[in-house]
Every structure is written in C-alpha cells, then in structure tokens.
Amino acid sequence: MQEKIKDNLIKINNKISKAKSGNNSSKEVLLIAVSKKKSIEHINAAFNEGIRNFGENYAQELEDKFLRFENYDITWHFIGPIQSNKIKLITKCSSWVHGLYREKVILKLNEECKKINKTMNGLIQINVSQEISKNGCSPDEMFKVAEIFEKCTNVKLKGIMALPKLSSDLQESKKVMQGVYELSQILQSKYPTAKEISLGTTADFDLAIESGSTMIRIGESIFGIRK
Ligand SMILES: *Cc1c(COP(=O)(O)O)cnc(C)c1O
C-alpha cells in the first residue's frame, strides 16, 4: 500500500506542477488527501509520504481518525454536508470547514468554537451547478452569507469552496471553474483575507489549478477507488 500511495502522489504532484505552470500564477496549491471510507493504514501511508492535510465527509468517521492521530501533525478538513447535531464533533476535530452556507450552522459552529476557545477556518460553499446539488448557496447569495461571518468571533472567513458538476465538455468545465475564480475575486474585493479557492477533485484538479484553485481535494487518485 505504501508504494502504491507513494507512486500515486508522485503522479499527482507532477500533474500539479504542470497545471501550475499553465496558470502563470505562483500561488501555492494545498493538496488535501480525502480519506473518507479509507482505513487508518491508508492515512498512515499518506502521512509517511509527507501529506499533512486530510479531508473527511462524515463527522463520526472524522472523530475516530482524529483520535487515532491525535499526536500527529495533521490538519483535518471537514468537507461534507453539515448536520446541526454533529457541529460539536466537527468543531473538536477539524480546523477547516469547507461546506458553510447556512446561517444556523455558521452561528452554531462559532458558539461551539467559543466554548472550547478555538478558532476555525471557514469556506463558503457555492452551488455553481444548481440543478444537480442542493448544497451551497447560489452565487447571488455569497455576500449575504459572508456577512454572517462578520458576527463570528471564532470562525474566520477564508474563501470559497465549490464542487462543480462533472462534465465531459472541457470548455463547459473551464467556464464553470473560471466563474468560481471570478466569484472569489469579487469576494476578495470586500474581504481581502478570504482568498482561498477550494476547487478540484480527482476528476478535474488540473483544470481547477489552471483556473486559480488554491486547495484541491483528492481522494481516489491517492487512495484508490472507494467502495
Ligand atoms: C469525496 C470528495 C472529494 C474527493 O473526490 P475524489 O473523486 O475521490 O477525488 C472531494 N470533495 C468532496 C466534497 C468530496 O465529497
């Protein structure tokens, strides 16, 4: 498993370098290894290859892994849909939450953070392929959501996240990703520190980087197919 994951990471890093040279930007791109449904051994192998950022979708699974790796230098990203009754767990175990857009969730996250004296990094999830997914706010609502963060002492607005519908049409995908980049520029005009763009998975991370993504979330091409 170690060798396989090592090989996969070499391939991904090559693809990242190539995509970075294609977007004529010197911005760093953070690789988040999405370990949902994958074992402790998988995480350990990726950690041994230098990965320090991991993404999880399910709060209970996140907690199990968080506790197992408590003494490791790992930054956990919660990237899944957020249920209110799981916010306390998510607060304890992660330092980035990617899928924020509901007021109730953002405010509750802030309250939970205050209780344990923790600061959390948050991204606004924007639904850029509206017919397909119900998660995320519409582009029009981005500033309304951003204003909610102004009331939060312990949740910092760091940028936006999107999970565009996969398309076999390359030009269409590029257009959608360019749209995400433009939304980020608009957000940064009012919130200069909200500069992260969490965009790109196994299927499209090279395109995402060319479009200015700063955080890519990759699962299957690191760890293999999920069952
Ligand atoms: C599962 C998941 C990923 C990773 O997808 P892969 O196709 O395995 O790279 C990225 N982002 C989100 C939000 C996910 O749920």
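Structure: above.
Residues numbered from 1 in each chain as written. Predicted model: local features only at pLDDT ≥ 70, side-chain atom pairs only at ≥ 80, totals over all residues. Heavy atoms only, no water.

Draft legend 1. Main features of the site of the ligand. As a matter of local geometry, the ligand sits amid 13 residues, with K36, N57, T202, E220 and R226 nearest to it. At a separation of 2.6 Å, an oxygen atom of the ligand approaches a polar side-chain atom of T202. Separating an oxygen atom of the ligand from a side-chain N or O atom of R226 is a distance of 2.7 Å. Against a free-state accessible area of 390 Å², the protein chains account for coverage of 87% of the ligand. Across the shell around the ligand, the residue classes break down as five nonpolar, four polar and four charged. (Near = heavy atom within 4 Å. Polar contact = N/O pair within 3.5 Å; in protein donor to acceptor, adjacent residues only side chain to side chain. Areas by Shrake-Rupley, 256 points an atom, 1.4 Å probe, with all protein chains shown as cover. Nonpolar A, V, L, I, M, F, W, Y, C, P; charged D, E, K, R; others polar.)

Draft legend 2. Geometry of a positive patch on the surface. Together, K88, R102, K104 and K108 give the surface a local cluster of positive charge. For K88, the location among the structural elements is in helix α4 (residues 87-93). (Patch = residues over 30% accessible without salt bridge, like charges linked within 9 Å, V, L, I, M, F, W, Y side chains within 5 Å. Salt bridge = Lys/Arg side-chain N within 4 Å of Asp/Glu carboxyl O. Lys, Arg positive; Asp, Glu negative; His and termini not counted. Charge placed at Lys NZ, Arg CZ, Asp CG, Glu CD. Helix = DSSP H or I, 4+ residues; strand = E, 2+ residues; numbered from the N terminus.)

Draft legend 3. Examining the environment of I51 more closely. Among the structural elements, I51 can be located in the loop between α2 (40-48) and β2 (53-56). By relative accessible area, which is 8% here, I51 ends up buried. Along the chain, I51 and M161 lie 110 residues apart, while their C-alpha atoms are 21 Å from each other. Not counting the four nearest positions on each side in its chain, I51 is found in contact with L9, L31, A33 and A46. (Buried < 20%, exposed > 50% of the residue type's maximum accessible area, 1.4 Å probe, protein only. Contact = heavy atoms within 4.5 Å.)

Draft legend 4. Broad picture of the packing of aromatic side chains. For the structure shown, the criterion picks out four aromatic pairs. Relative to W76, the ring of F54 lies with its centre 5.8 Å away and its plane at 40 degrees, an arrangement referred to as tilted. Of this pair, F54 sits in strand β2 while W76 is found in strand β3 (residues 75-78), placing the two residues 22 residues apart along the sequence. According to the relative accessible area criterion, W76 is buried, its value standing at 3%. Taking the centre distance of 4.9 Å and the plane angle of 80 degrees together, the rings of F69 and Y72 count as edge-to-face. Judged by its relative accessible area of 31%, Y72 is partly exposed. In this structure an aromatic cluster arises from ring pairing among F47, F69 and Y72. Stacked on the ring of F69, the Lys or Arg R68 has its end atom at 5.2 Å from the ring centre. (Phe/Tyr/Trp six-rings, centres within 6.5 Å; stacked < 30°, edge-to-face > 60°. Lys NZ or Arg CZ within 6 Å of the ring centre and 35° of its normal.)

Draft legend 5. Here's a closer look at helix α1 (residues 2-22). Between its terminal C-alpha atoms α1 stretches 30 Å, which fits the 30 Å expected from 21 residues at 1.5 Å a residue. Of the positions making up α1, those classed as buried are I5, N8, L9, I12, I16 and A19. In a view along the axis of α1, the buried residues occupy a sector of 100 degrees, so they form one face of it. The outward face of α1, more than 90 degrees from its buried face, is lined by the exposed residues E3, K11, K18 and S21. Those residues of α1 that are buried are in contact with β1 (30-34), α2, α8 (205-210), β8 (215-218) and α9 (220-223). (Expected span 1.5 Å × (residues − 1). Arc of directions from axis to C-beta.)

Keep in mind these values describe shape, not function.
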